[in-house]
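As a plain string of letters, each chain reads:
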Amino acid sequence: MRNHRRRETGETERAFLAHHNALTALPNRSLLVQKLSRTMAAARTAGRHVGVVSIDLDDFARINDAYGHAEGDSIIHRCAERLTACVRSVDLVSRVGGDEFVVILGDMGSSASAARVVQRMRAALAEPIAIGNASIGVTASFGISSFPDDGGSAEQLLGFADLAMYRAKRSRRGDFACFAPERHDEAVERVRLEHELGEAIQNGELVVHYQPIIDARTNRIGGVEALVRWAHPIEGLKASGTFIPLAEETGLIVPLGEFVLREASRTIAQLNRGGHPGLRLSVNVSARQLHDEAFPTNVLGALAQSGLRTDRLDLEVTEAFLISDAVWAASQLRELTRLGIRIALDDFGSGCSALTFLRRFPVQLLKLDPSFVAEIERSELSRAVAAAIIGAARKLGMRSVATGVETAVAHRVLAELGCDAFQGSYLAPPMTAAELGDYLTADHLAAA
Ligand code: C2E
Ligand code: MG
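Throughout what follows, the structure given in this document is the object of discussion. (Residues numbered from 1 in each chain as written. Chains lettered and ligands numbered in written order. Predicted model: local features only at pLDDT ≥ 70, side-chain atom pairs only at ≥ 80, totals over all residues. Heavy atoms only, no water.)

Remarks on a negative patch on the surface
On the surface, Asp65, Glu258, Asp292 and Glu293 cluster together to form a negatively charged patch. Structurally, Glu293 is set in the loop between helix H10 (287-290) and helix H11 (295-306). (Patch = residues over 30% accessible without salt bridge, like charges linked within 9 Å, V, L, I, M, F, W, Y side chains within 5 Å. Areas by Shrake-Rupley, 256 points an atom, 1.4 Å probe, with all protein chains shown as cover. Salt bridge = Lys/Arg side-chain N within 4 Å of Asp/Glu carboxyl O. Lys, Arg positive; Asp, Glu negative; His and termini not counted. Charge placed at Lys NZ, Arg CZ, Asp CG, Glu CD. Helix = DSSP H or I, 4+ residues; strand = E, 2+ residues; numbered from the N terminus.)

Regarding the coordination of the magnesium ion (ligand 2)
Donor atoms from the polypeptide that coordinate the magnesium ion (ligand 2) comprise Glu225 (OE), Asn284 (OD1), Glu316 (OE) and Asp346 (OD), at 2.0 to 2.3 Å from the metal. One chain supplies every donor for the magnesium ion (ligand 2), spaced along it as E-x58-N-x31-E-x29-D. Of the two residues, Asn284 is situated in strand E11 (residues 280-284) and Asp346 in strand E13 (residues 342-348); the sequence distance between them amounts to 62 residues. (Donors = N, O, S within 2.8 Å, 3.2 Å for Na, K, Ca; no water.)

Things to note about the environment of Glu127
Counting through the fold element by element, Glu127 comes out in the loop between helix H5 (113-126) and strand E4 (129-131). Placed 105 residues apart in sequence, Glu127 and Ala22 show a C-alpha to C-alpha distance of 25 Å. With near-sequence residues (within four places) excluded, Glu127 lies in contact with Arg82, Ile136 and Gly137. (Contact = heavy atoms within 4.5 Å.)

Remarks on the pattern of salt bridges
Pairs can form between side chains of opposite charge once their charged atoms are near each other. Tallied over the entire structure, the rule returns 19 salt bridges. Asp311 is the salt-bridge partner of Arg312, the closest N and O atoms lying 3.5 Å from each other. The exposure class assigned to Arg312 is buried, which follows from its relative accessible area of 15%. Three or more residues are tied together by salt bridges with common partners; here these are Asp56, Asp58 and Lys169. (Buried < 20%, exposed > 50% of the residue type's maximum accessible area, 1.4 Å probe, protein only.)

Quick look at the environment of Asp73
Examined against the element boundaries, Asp73 turns out to sit in helix H4 (residues 69-85). With a relative accessible area of 37%, Asp73 lands in the partly exposed category. The sequence separation of Asp73 and Ala15 amounts to 58 residues, and the corresponding C-alpha distance is 23 Å.

Written as structure tokens, this is what we have:
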């Protein structure tokens, strides 16, 4: 009898788990679709509206990496409770993925009510959650679709809410967007581009161009920055700006970055062996690549394969990476510098960069952003700020590299301010590997 009851309990539990998520006890996707179809049918009869809200927590992978999976689970649990507290009993909160939730708002007088509920959910998630001695606020991106306005089946309505959520995520973290049919074409275009870019990486359509960096002291080429281009079979050569942001969003930046590192170190190792032994290589790395624990090992592997010495490589990181998780960033950068690699902070002066903040990280180079360099040419105050930054950077043992040097005036002013190196169209544009070889051979500026 007791055994029988246990079996019954087990069966009830299994039936529950078939439609619910074990961690949060929230309905899963299959129950969500069933419930949404029923809610839509009821709304059709009663002339009411239904809202579907797709929610994706921002940077959750990073929270998991930083605090561990147990804390990650507990945060998901808290988020689920908070979302549930924002809705009425006729509504439904479901968990459809690791950090993804979908909420059905049933029986609404108008579709505008959904936006008000989203505002409530945003505020609820932002309330600090304690983790050990620290506390974090969670932001999420929200997408809304509504019935009958957006029409379609339950599956379509869920898809529309997802599309709106992706648009919100692209525009700004913690934002929300409503599905608009005209956006559908844009979303389809994005999916097409993502697919094409994935294929391009595999089919060898990406190429690397190299922009010389001129050393101020010797007035010779000290190194080059590798810049990726897409040699599109129909559209021709595409600039990085047309596909890097999409690669960042989709994670394709990881295989793309690996390709650039391998290809560029092969080119520069060859030039090092062929009469330009001092030439350095600078490669942009995305925060996504740096978050991988195996990144330093992968870099070493690429260098070993190409024959490029570790002390010939600079890796350009962005401030966003340093800020995302300062403790992890510092340890990852320390590991890379231990291998002999130098770290450059890219785009300095474009955000709210602060030199004192940099003391926490092993950064050897500061790349002054083109927007900042342009300001220096225009305003005396900016020149004074630049002089202070370049001076302080030197005191902290860092070299400053001005990028986006477009005119003779900018070049002269930056030299007077004490910049250690220059990069920009006034000095040399990005060029192919073959052009770089010719340029180095022909040019008296060639690296020592
Ligand atoms: P960035 O690292 O700041 O690269 C410098 C950008 O400035 C390049 O644009 C270069 O072509 C451009 N530039 C060169 N001379 C001048 C000039 O005189 N004035 C101005 N205003 N700009 C100049 P590009 O090649 O379009 O690259 C744009 C961005 O894309 C790069 O900015 C970098 O953040 C990213 N990127 C490019 N290649 C890679 C890559 O392999 N991996 C990653 N993660 N990001 C990359
Ligand atoms: Mg760069």
